[in-house]
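Architecture at a glance
As a plain string of letters, each chain reads:
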Amino acid sequence: MARSKARALFWISTVLAGLGVILVIGNGILFLVNQDAQAAINRRQQFINQSAQLGRLNEALVRALATNAANNKDDQLRDLLAQHGITFQVNPAEPGPAPAAPSGGKN
């Protein structure tokens with residue numbers, strides 16, 4: 001009887017050890033898959049961040065080109081911007097308030 005208990009305990013221990021090894025291997029595989037997924041997500045996030053920065057730079061560049069085209073009455077630059085879907089209108093300068101008359105005397 002003692003011998004059969006020892007034999008059963010041996011097989012139970014062996015099966016549990018085998019399950020432990022399988023779990024360790026599975027954990028390693030999941031770690032590697034997760035690491036690859038995180039790297040892909042980090043690349044996408046970096047692309048999104050850079051796109052936002054480039055969007056602001058692009059807007060500033062277009063604004064500067066449009067201002068330059070309007071100030072210098074550059075039709076070629078205006079046409080180039082229009083080819084890319086960028087149109088603008090020049091607003092006439094509004095007259096500012098009249099300058100205050102200088103006071104001549106001291107109070």
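Source: prediction; values computed, not measured.

Moving on, we come to the overall build of the chain. When you go through the chain residue by residue, the secondary structure sums to two helices and zero strands. Looking at the 107 residues of the chain, the share that counts as buried comes to 5%.

Using the criterion set out here, one finds one salt bridge in the structure. With its nearest N and O atoms 2.9 Å apart, the salt bridge here joins R63 to E59. Note that R63 and E59 are positioned in helix α1 (residues 2-72) at a spacing of four residues, about one turn of the helix. On the accessibility criterion, R63 (52% relative accessible area) is exposed. Given a relative accessible area of 45%, E59 falls into the partly exposed group.

Spanning 71 residues, α1 covers 103 Å between terminal C-alpha atoms, matching the ideal 105 Å at 1.5 Å per step. Among the residues making up α1, those that are buried are A66, A69 and A70. K73 sits one or two positions beyond α1 and adopts a positive phi of about 50°.

This next bit is on the packing of α1 against helix α2 (residues 75-83). Interhelical geometry of α1 versus α2 gives an angle of 145° and a closest axis separation of 8 Å. Of the two possible hands of crossing, α1 and α2 adopt the one that is left-handed. Facing L65, A66, N68 and A69 of α1, the residues of α2 in contact are L77, R78 and L81. Residues of the contact of α1 with α2, tallied by class, amount to five nonpolar, one polar and one charged.

So, on to a nonpolar patch on the surface. A surface patch of nonpolar side chains, about 500 Å² in accessible area, is lined by I12, V15, L16, L19 and I22. Among the structural elements, I22 can be located in helix α1.

The rules behind the values
Residues numbered from 1 in each chain as written. Predicted model: local features only at pLDDT ≥ 70, side-chain atom pairs only at ≥ 80, totals over all residues. Heavy atoms only, no water. Helix = DSSP H or I, 4+ residues; strand = E, 2+ residues; numbered from the N terminus. Buried < 20%, exposed > 50% of the residue type's maximum accessible area, 1.4 Å probe, protein only. Salt bridge = Lys/Arg side-chain N within 4 Å of Asp/Glu carboxyl O. Expected span 1.5 Å × (residues − 1). Axes fitted to C-alpha atoms, helices over the stretch in contact; angles between N-to-C directions. Left-handed = near helix turned anticlockwise from the far one by under 90°. Contact = heavy atoms within 4.5 Å. Nonpolar A, V, L, I, M, F, W, Y, C, P; charged D, E, K, R; others polar. Patch = residues over 30% accessible without salt bridge, like charges linked within 9 Å, V, L, I, M, F, W, Y side chains within 5 Å. Areas by Shrake-Rupley, 256 points an atom, 1.4 Å probe, with all protein chains shown as cover.

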